[in-house]
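Topology and contacts: notes
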Amino acid sequence: MSEFRIHHDVNELLSLLQVRGGDGAEGYIDLLQKHRTPYVTTTVSAHSAKVKLAEFSKTPEDFLRKYEELKSKNARNLDPLVYLLSKLCEDKETLQSLQQNAKERSESSANTNSTTTTSYTLPQTSTKMSMQELDELRKKLGNVTASSNAPVPAEVTRKMLRDKHNKKNPTEPNPVFPDWVYDRPALLGDFITSPAPVGDPAVPIGTLPLATQEQALVEDLLFVLIGVDGQDITAQPVLGRQNRSFIVNPTLDLSIKELVTRILPVASYYSTITRFIEEKSSFEYGQVNHALTAAMRTLMKEYLILVTQLEHLQRQGLLSLQKLWFYIQPTMRTMEILASIASSVDKGECMGGSTLSLLHDRTFNYTGDSQAQELCLYLTKAASVPYFEILEKWIYRGIIKDPYSEFMVEEHELQKEKIQEDYNDKYWDQRYTIVQLRIPSFLQKMADKILSTGKYLNVVRECGRDVTCPDAKEVLYTLKERAYVEQIEKAYNYASKVLLDFLMEEKELVSRLRSIKHYFLMDKGDFFVHFMDLTEEELKRPVDDIVPPRLEALLELALRMSTANTDPFKDDLKIDLMPHDVITQLLRVLAIETKQEKTIINADPTDATLSGLEAFSFDYIVKWPLSLIINRKALTRYQMLFRHMFYCKHVERLLCNVWISNKDSRQYSLHSAKWFAAAFALRQRMLNFVQNIQYYMMFEVMEPTWHIMENNLKTASNIDDVLCHHTSFLDNCLKDCMLTNPELLRIFSKLMSVCVMFTNCMQRFTQSLRLEQGAMDGAPAPSEQADEAEKKRLTTKFLAEHVDAPQSDPNFKATISKFDSNFTMLLLDLLDKLSIYSTNDCEHSMISIIYRLDFNGFYTERLERLAVERSQKAAE
């Protein structure tokens, strides 16, 4: 069972049971994933489970009747369900919980439906009902029963199927039989039931001699066996899918009547088969049912030939009831099997793959009966021909030609161009999908490969290349599954190789991924130095004031001036200004399907306008079919990684600029300004933090993970493996860079904010120094002939007198101290959380950050103190 199927089934079960709260679906899904058996090859035997459930049930007859009804409809997974229910009956605790749940749901549904339930007024039990009241009550009850159990007329079903087909294929309307085919019942092979009663015979047949009775009944039976009423045997009208019953003249001799009763089931089988052939041969029921009815017609011709031969013997006076019973017996078994198959297909409303599943199961069920198995095998082979024709076109050419919606693979109208536009577009997953009910049971194991084979070929075809499997052979149904399994395997291997070679060699997928890595994962260092130098002033502006064409021109200049100029795909790199900063974007993504989703999405936007640096990101143009791998979802992940690293690089440049500007201040007499030394030390700690985080992300996360993906791509055997490896690479990068953990992300965001605010504060101070220096430069010189050394001495003395002034301001000193305490507190919090996640969640890669940031044990004592406090709180 696929992971998607488990998710779907668990959510459906929780919805049916109306379960709320707890861990939700995810908790149950994780438990199922951990404890499920990966490969189950045995078939569950439901006989003992069925007996156990029947004993447990309050109405065992109703349970067994329902089981047989579902079995006749070929309901899928019926035996595993019965087995599961029998196990639930053994678990008293679970059973009690389910009974309580059922009671609560029945009470709630009773409350909600109390206003809509149809009520009938019954007479009081104390009064005696009159015959008129009894008739009225009987009519009301009869109307209710008839309305609930009335079968849908065949013409209504045909119209529904026809409308469904025409809606799906408006350019190819479904062909329709002319109305006179249905309006003239005499054209059908079944009984024509006349409402007018047949006149009573002059002489009751029971008064005639036995020989005369026998001859009359032989003639009647020969008529009844081909769907025509006799004088003393008449067919009863049927409603819906009932079996045909007959009325035999009650005055007949008992011995003759007994023999007639034995032969009449053949006539009932004939009626069932004929009705099935006439109805299911219509175009609306699909090609598989049409092929099945054609095979049944062939068998019915043999049956009619036998009846014709018996009529010839009867005209010669050589046919008695005993001989008729003897000649009809071999045919009786064949007719019984055909009628049983017809009834099951009709009751189960089977079409396409479900019809083939039913026929295949019947063929295997008759393993001990060679004649019955051969008959079912003939029908299955005949019915599977149109299905296998669709299958061959799909696995050999990647084309679906399924006018009646019978094939297991369904095509949906999706545009491949949306892969580059819509983040949620799932072209590869949703363009072609598997419909479980249409999968023949003998192809269940190969369904995923059949889907993938056609998808691979279809991608190559949409690129303008005609592909046909060189090993294409006709696929035929056989009891030996290996025959068509080998054909599907060959087609799958060919399709995988064709698409993989097409993407890897002709479309240069790996080179494209390397090109994306250069820019989104900041692989080209000189390019980013050039680009950030060129765009620094432009990106400082508010995002609304930035002119995108100017940024594009600067990007082009940076590409031409760096080693990125050798990249053949550099022209596909574009500029993108996002509506949110990277932290907000990540938190919105992480909040999907969580309790905080509505709160975050509906939150009012911040009043602060985004700067160009906060909104800046790269985008990349990818064309079909590479967009299957590098789709919008993958590009968004690349953008998240890039924006995160780009902002870290921006903060590092700010801190370096502070270091450069502060170097000029060292020549002044600032010995008394202790806060200035503290600011220098804090700046160095911040720079150490940012640089180590960058080093960790680039050289301990992205590079090793990239090399693993690159090696995996070399051994990939199909496009699904490539998708899996690429997605796994991006997911691991996002996780190890702390971008999938909202708690770590918020702490990291606050740390970056503290660093930026500190740099702004220091830059303002540096600017004040420059203003003071400008004031000194504007003061009158002692003499025009003063040399440069004297001027420098006077400037230094002036600045020393003025620079020491801020240190007397307690607010500025307190500001630096506040920055220090905030940064230290947040960094300790980050290291503490990293320690917890690396221990509890086995995220061992994050331990590297702790070692790099606490290389000399500076924070170890504080972290140990936090751990002790946390354990004490847990103990309390």
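Each helix and strand counted, the protein chain has 32 helices and six strands in total. Taken over 876 residues, the protein chain has a buried fraction of 40%. Of the contacts formed within the protein chain by residues at least 6 apart in sequence, a portion of 75% connects residues at least 24 apart.

The next subject is the confidence of the model for the protein chain. Put simply, the protein chain has an average pLDDT of 76, and 71% of its residues get 70 or more. Ranking the helices and strands of the protein chain by mean pLDDT puts helix 15 (residues 370–397) first, with 90, and helix 29 (residues 788–803) last, with 47. Confidence drops under a pLDDT of 50 for residues 115–123, and excluding neighbours within four residues, the segment shows four contacts in the predicted structure. Every residue in residues 794–808 scores below 50 in pLDDT, and together they form 23 contacts with partners more than four places removed in sequence or on other chains.

Here the structure, examined in full by the defined rule, presents 29 aromatic pairs. Between tryptophan 394 and tyrosine 432, the aromatic rings sit 5.0 Å apart at their centres with planes inclined by 55 degrees, giving tilted as the arrangement. One end of the pair, tryptophan 394, is in helix 15; the other, tyrosine 432, is in strand 4 (residues 432–434), with 38 residues separating them in the sequence. A centroid spacing of 5.7 Å and a plane angle of 75 degrees characterise the contact between tryptophan 706 and phenylalanine 729, whose relative ring orientation is edge-to-face. Taken as a pair, tryptophan 706 in helix 26 (residues 674–715) and phenylalanine 729 in helix 27 (residues 719–736) lie far apart in primary sequence, 23 residues in all. For the pair tryptophan 706 and phenylalanine 729, one class covers both residues: buried. We note arginine 683 situated over the ring of phenylalanine 680; from NZ or CZ to the ring centre the distance is 4.9 Å.

On to the nonpolar core. Core analysis: the biggest nonpolar cluster contains 116 residues, and Phe527, Phe618 and Phe689 have the highest contact counts within it. The dominant element in this core, judged by the number of residues it contributes, is helix 26, at 17 residues. Not counting residues up to four positions away in its chain, the partners in contact with phenylalanine 527 are Tyr519, Leu555, Ala558, Leu559, Ser562, Ala564, Leu573 and Phe618. Judged by nonpolar contacts, the second largest core, of 84 residues, contains Leu292, Leu324, Cys376 and Ile450.

This brings us to the side chain of arginine 637. One can find arginine 637 in helix 25 (residues 632–663). Setting aside its immediate chain neighbours within four residues, arginine 637 contacts Thr727, Leu730, Asp731 and Leu734.

For the pair helix 11 (residues 254–280) and helix 13 (residues 321–347), interaxial distance at closest approach is 8 Å and the crossing angle is 35 degrees. Seen along the crossing, helix 11 lies across helix 13 with a hand that is left-handed. Along the lines of polarity and charge, the residues of the contact of helix 11 with helix 13 split into 19 nonpolar, three polar and five charged.

The next point concerns the side chain of serine 515. Position of serine 515 relative to the elements: it lies in helix 19 (residues 509–520). In this structure serine 515 comes out as buried when scored by relative accessible area, which is 1%. A polar side-chain atom of serine 515 sits 2.8 Å from a polar atom in the side chain of aspartate 567. Ignoring sequence-local partners within four residues, the contact set of serine 515 consists of Asp567, Phe569 and Tyr620.

Moving on: helix 15. Here helix 15 spans 38 Å end to end across 28 residues, near enough to the 40 Å set by a 1.5 Å rise per residue. Valine 385 marks where helix 15 bends most, by close to 40 degrees; the proline proline 386 follows one to four residues later. Count one or two residues on from helix 15 and you reach glycine 398, which has phi positive near 75 degrees.

Moving on, we come to the pattern of salt bridges. One pass over the structure, following the stated rule, counts 24 salt bridges. Residue aspartate 346 is joined to lysine 280 by a salt bridge in which the shortest nitrogen-to-oxygen separation is 3.5 Å. With a gap of 66 residues between them, aspartate 346 in helix 13 and lysine 280 in helix 11 connect regions that are remote in the sequence. Of the two residues, aspartate 346 and lysine 280, neither departs from the other in class, the shared state being buried. The network of salt bridges with common partners includes Arg333, Glu336 and Asp369.

With that settled, the discussion passes to the environment of leucine 682. You can see leucine 682 is positioned in helix 26. When its relative accessible area of 1% is taken as the criterion, leucine 682 is described as buried. What leucine 682 contacts, discounting residues up to four positions off in sequence, is Phe758, Ile816, Phe819, Asp820 and Phe823.

Attention now moves to helix 12 (residues 286–315). Quick reminder: α-helices carry 3.6 residues per turn. Residues three or four places apart thus point the same way. Helix length check: helix 12 (30 residues) gives 42 Å between terminal C-alpha atoms against 44 Å at 1.5 Å per residue, within 8%. Remark: glycine 317 follows helix 12 within two positions and exhibits a positive phi of approximately 75 degrees.

So, about the pairing of strand 6 (residues 616–620). Judged by how many residues are buried, strand 6 sits mostly within the fold: five of five residues are covered. Pairing of strand 5 (residues 573–577) with strand 6, which is carried by five bridges, proceeds in the antiparallel orientation. Bridge pairing in strand 6 places lysine 574 opposite aspartate 619.

Quick look at the packing of helix 20 (residues 525–539) against helix 21 (residues 548–561) now. At a minimum axis distance of 8 Å, the contact between helix 20 and helix 21 shows a crossing angle of 160 degrees. Here helix 20 lies roughly antiparallel to helix 21, going by the angle between them. Handedness of the crossing formed by helix 20 with helix 21: right-handed. Between helix 20, through Phe527, His530, Phe531, Leu534, Thr535, Glu538 and Leu539, and helix 21, the contact on the second element is made entirely by Arg550, Leu551, Leu554, Leu555, Leu557, Ala558, Leu559 and Met561.

Let us look at unusual backbone geometry. A positive phi angle, close to 50 degrees, is found at glutamate 349, a residue other than glycine. Among the structural elements, glutamate 349 can be located in the loop between helix 13 and helix 14 (353–365). Although it is not a glycine, serine 405 sits at a positive phi angle of roughly 55 degrees.

Among the secondary structure elements, phenylalanine 569 is positioned in the loop between helix 21 and strand 5. Separated by 51 residues in the primary sequence, phenylalanine 569 and tyrosine 620 have C-alpha atoms spaced 9.8 Å apart. Beyond its immediate stretch of four places on either side in the chain, phenylalanine 569 contacts Glu508, Ser511, Arg512, Ser515 and Tyr620.

On the surface, Leu81, Leu84 and Leu85 cluster together to form a nonpolar patch covering roughly 250 Å² of accessible area. Tracing the chain through its elements places leucine 84 in helix 5 (residues 78–90).

What counts, and where the lines are drawn
- Residues numbered from 1 in each chain as written.
- Predicted model: local features only at pLDDT ≥ 70, side-chain atom pairs only at ≥ 80, totals over all residues.
- Heavy atoms only, no water.
- Helix = DSSP H or I, 4+ residues; strand = E, 2+ residues; numbered from the N terminus.
- Buried < 20%, exposed > 50% of the residue type's maximum accessible area, 1.4 Å probe, protein only.
- Contact = heavy atoms within 4.5 Å.
- pLDDT = per-residue confidence, 0-100.
- Phe/Tyr/Trp six-rings, centres within 6.5 Å; stacked < 30°, edge-to-face > 60°.
- Lys NZ or Arg CZ within 6 Å of the ring centre and 35° of its normal.
- Core = buried A, V, L, I, M, F, W, Y, C linked by side-chain atoms within 4.5 Å.
- Axes fitted to C-alpha atoms, helices over the stretch in contact; angles between N-to-C directions.
- Left-handed = near helix turned anticlockwise from the far one by under 90°.
- Nonpolar A, V, L, I, M, F, W, Y, C, P; charged D, E, K, R; others polar.
- Polar contact = N/O pair within 3.5 Å; in protein donor to acceptor, adjacent residues only side chain to side chain.
- Expected span 1.5 Å × (residues − 1).
- Bend = angle between axes of the 7 residues up to and from the residue.
- Salt bridge = Lys/Arg side-chain N within 4 Å of Asp/Glu carboxyl O.
- Pairing = 2+ DSSP bridges.
- Parallel < 35°, antiparallel > 145°, perpendicular 65-115°, else oblique.
- Patch = residues over 30% accessible without salt bridge, like charges linked within 9 Å, V, L, I, M, F, W, Y side chains within 5 Å.
- Areas by Shrake-Rupley, 256 points an atom, 1.4 Å probe, with all protein chains shown as cover.

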